[in-house]
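Residue-level structural notes
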2 protein chains.
Amino acid sequence: MDRLTLIHKGQVNCGCIYSNNPSFLSCHRLQESLLSSSSGYSNYRGVLNWCVVMLVLSNARLFLENLLKYGILVDPIQVVALFVKDPYNMPAVCLVIVSNVFVLVAFYTERRLSVGCFSEHFGLLVHSINLSVILCFPVAVVLMVKSVTPVGGAVALGVYTILFLKLYSYKDVNKWCREMCYAKARSLSRSISCKSASATFNGKNNSASTSAFNQNQDLYYFVFAPTLCYELNFPRSPKIRKSFLLRRLCEMVSSWMVPIIQSSMKPLEDMDLSRMVEHLLRLAVPNHLLWLIFFYTFFHSAMNFVAELLQFGDREFYRDWWNSETVPYFWQNWNIPVHKWCLRHFYKPMLKRGVSKWAGQSAVFLASAFFHEYLVSVPLKMLRPWAFLGMMAQLPLAWFVACFLRGNYGNAAVWISLIIGQPFAVLMYVHDYYVLQHREESAGVGPD
Amino acid sequence: MDRLTLIHKGQVNCGCIYSNNPSFLSCHRLQESLLSSSSGYSNYRGVLNWCVVMLVLSNARLFLENLLKYGILVDPIQVVALFVKDPYNMPAVCLVIVSNVFVLVAFYTERRLSVGCFSEHFGLLVHSINLSVILCFPVAVVLMVKSVTPVGGAVALGVYTILFLKLYSYKDVNKWCREMCYAKARSLSRSISCKSASATFNGKNNSASTSAFNQNQDLYYFVFAPTLCYELNFPRSPKIRKSFLLRRLCEMVSSWMVPIIQSSMKPLEDMDLSRMVEHLLRLAVPNHLLWLIFFYTFFHSAMNFVAELLQFGDREFYRDWWNSETVPYFWQNWNIPVHKWCLRHFYKPMLKRGVSKWAGQSAVFLASAFFHEYLVSVPLKMLRPWAFLGMMAQLPLAWFVACFLRGNYGNAAVWISLIIGQPFAVLMYVHDYYVLQHREESAGVGPD
């Protein structure tokens, strides 16, 4: 060993004759493999491309069949037709059109508040009534009008829920603005007692009121912008990139052609109670792929498309939830608009009122569970606790993952809960819906 | 707009009353979505975990069936039985055992060379004969002994190919060492003419010779080490991590249980010539998954396992080929031991002899194509140009990708060539093998 070291050192010292190839004697160095977790390597962009290529290739035959049989644009047209041509589906469209009324009420209230025609208390009352009606009115329509389909009802309720969150934010931010201006005015008038100060105060107050009125002209921009949090000056992107728009549009169009949906929904129609577990496993993978495609199409393609059109600058619609090693990390990062809204208009105001952190988090969780239930139970016209329980089941899961699993194992656990948990809830609803329909049918046949 | 700016600035200036919540009025900032290529984000470690979870879940039913029917260890035992118990398969095992002879010949030759018993020319002659026999001897055995199965033949030829590359490197490095010592000795004796220099020269030369002899005791370490490039002092890892060994072992064991293999190989047996394209598409995905599992099991689990056992420090067995945006990048990064060997013992020596870069690259490519053909044609006992043509088809593909595709599109093209190209070559061999077997069978039945 000593002699080995000797000759090795000797070679290094004696000036290599292969000077253009200095590594000819030692070509190894101490290092870990990239896939070992200890290497710290994490650039797997290529793996994402692999997933897309595999998804396309695996479905290539069905994809081509679809294309040849129905042409490219059959599905979007079908969906448009579903809403426009069929008179039985009009209620959902009407509901969406009617929602403008609530936007105008909020706008009118803020306008009155800004010029001082409404007192703060009366304004709050009007806003509260308006927001309550936004939540209750579509429920009443969906439950009472028989011709509303589950899909139409879900879309209408989704629109109303988004509108509720947006107008709540709009109300809050405008109130905060006024409070700030009053506070500044008060501090100014307190510290300086001469006329000039009073003039400044009046001037400021006027400009604030007038501009608050002017802002309201931007309310429709906010309604269509891909965010739930109102702001006076949204960051704007410098220009509309046409190639970007085109790529997002292509992604949205091609997502219609993925045939997973049809192949996965078939076995559910002739469902057998005894084989539920097998159904669950068979349902899990296509359901999960469907969710991923929905995520990409809605949170990346569609929202970026709208943002590019409106030159809306903040494109953070999701964070890196695919790397989440704990359950809370996933919930905090997969849907940033809702997460931002909850933080800004629900959690932080609660903390300011002295509510404890723990109670605040639980309240956010309960509100989230409520809206999940709201968006599923009402369109299906049956009140079942599955979506609510599904959200609640996240709490023990989060505890388990945080206690026992770390790193890649935690990440795998989050993925498994997504892949298995979701279809379980979906299966429960489908089962109940099927039983309900069946009972109604047999009841309908009975008196005949 | 001016007024909006005014009120906004006013709010910032006037000292926020919500000082514990400074972002209450502006909660958006100019930024891109993470999945947009312009964001520069690339941490998708979670996507890799997703692939593993999906692979396991998709095969969960087959996986469980396999486990319940055959138990965990049936497949490895079957493979061991294939080599040990069945007397018809002994030739492959014998071939592997006989390979020790060539290692000992190389060792003996170097020992003689180091003490000066063999001249450089005679040593080169012995090495050349030894290396030629390493390549030709197993071919003769596989082709002449009828009882060698394709799998046994492929394993034996693989072992001999690896041995050929290792002993070639061993020969080269020892020669370089001697050349360097002689060169140093010559320069020393030229510059200093007194006796002390001569003494130094003799001393150095002796120590070099003796240590070259001592190194040879490490030859078996090199034979088993996961590298093809010989070196005097390999970098060593400080200790054997038992948990690391265990994890790699678990990965190797679980890779035996993936049932893709069985389900993919069935349709080939009753192959129909007219439906080749459909077969190709049906073959592509499982074949590709099989290749990925092979890659992970061999290049990550097995090589790291051996390296950990031998405390071999350099774990770079592959680089980030999954991100490759050009075809050459893939070939240079997916198999680092071979790439390193080609660079060190084939390409760079050629450049030193004045061969042009272009000719050198082509020669490396031809050699690689030759070995691909060698490892496939001989075990199947039929000489077909498909593997060779497959390698050669990489050249126009590389040109096309480099010219027309960039970034993620280039990456997707490399993936598609991997997913589609490989099974195409495999299909050609399987088809020819099937036809050959069929002809032999009917010929055997004929005279009856």
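Residues numbered from 1 in each chain as written. Chains lettered and ligands numbered in written order. Predicted model: local features only at pLDDT ≥ 70, side-chain atom pairs only at ≥ 80, totals over all residues. Heavy atoms only, no water.

- Under an unreviewed UniProt entry, chain A has the name O-acyltransferase and belongs to Esox lucius.
- Annotation of chain A in UniProt includes, under Sequence similarities (unreviewed entry), the sentence "Belongs to the membrane-bound acyltransferase family. Sterol o-acyltransferase subfamily."
- Per UniProt, chain A carries the Subcellular location (unreviewed entry) text "Endoplasmic reticulum membrane". (UniProt positions renumbered as here; feature names shortened; annotations may be inferred.)

**Side note on the packing of aromatic side chains**
- Taken as a whole and assessed by the stated rule, the structure comprises 84 aromatic pairs over all chains.
- Where Phe118(B) meets Phe122(B), the ring centres are 4.8 Å apart and the plane angle is 90°; that geometry is what we call edge-to-face.
- Their ring planes at 50° and their centres at 5.6 Å tell us that Trp291(B) and Trp334(B) sit as a pair that is tilted. With Trp291(B) in helix 13 (residues 276-310) and Trp334(B) in the loop between helix 14 (327-333) and helix 15 (336-352), the pair connects residues that are 43 residues apart, well separated along the chain.
- On the accessibility criterion, Trp291(B) (11% relative accessible area) is buried.
- In this arrangement the basic side chain of Lys166(A) is found over the ring face of Phe222(A), its NZ or CZ atom lying 5.1 Å from the centre.
- Above the plane of the ring of Tyr168(B) lies Lys171(B), whose end atom (NZ or CZ) is 4.5 Å from the centre. (Phe/Tyr/Trp six-rings, centres within 6.5 Å; stacked < 30°, edge-to-face > 60°. Helix = DSSP H or I, 4+ residues; strand = E, 2+ residues; numbered from the N terminus. Buried < 20%, exposed > 50% of the residue type's maximum accessible area, 1.4 Å probe, protein only. Lys NZ or Arg CZ within 6 Å of the ring centre and 35° of its normal.)

**Examining the side chain of Lys340(A)**
- Within the secondary structure, Lys340(A) sits in helix 15 (residues 336-352).
- In this structure Lys340(A) comes out as buried when scored by relative accessible area, which is 16%.

**What to know about the UniProt feature "active site" (unreviewed entry) in chain A**
All names here are of chain A.
- The feature "active site" (unreviewed entry), as annotated in UniProt, sits at His372 in this numbering.
- Along the polypeptide, His372 turns up in helix 16 (residues 357-380).
- Not counting residues within four places of it along the chain, the set of residues in contact with His372 comprises Ala387 and Met391. (Contact = heavy atoms within 4.5 Å.)

**Focus on the UniProt feature "transmembrane region" (unreviewed entry) in chain A**
All names here are of chain A.
- The UniProt entry lists residues 47-68, 88-109, 121-145, 151-170, 358-380, 386-405 and 412-430 under the feature "transmembrane region" (unreviewed entry), expressed in the numbering used here.
- Helix makes up 100% of residues 151-170 and strand 0%, and the two end C-alpha atoms of the span are 28 Å apart.
- Summarising residues 386-405: 90% helix, 0% strand, and an end-to-end C-alpha distance of 27 Å.

**Here we look at the environment of Leu366(B)**
Residue and element names in this part refer to chain B.
- Considering the arrangement of structural elements, one finds Leu366 in helix 16 (residues 357-380).
- Taking relative accessible area as the criterion, Leu366 reaches 43% and is therefore assigned partly exposed.
- Beyond its immediate chain neighbours, meaning those up to four positions away, Leu366 contacts Phe388 and Met392.

**Some points on unusual backbone geometry**
Residues and elements named next belong to chain A.
- Positive phi values are uncommon outside glycine, yet Gln311 reaches one of about 50°.
- Topologically, Gln311 is positioned in the loop between helix 13 (276-309) and helix 14 (327-333).
- Taking relative accessible area as the criterion, Gln311 reaches 24% and is therefore assigned partly exposed.

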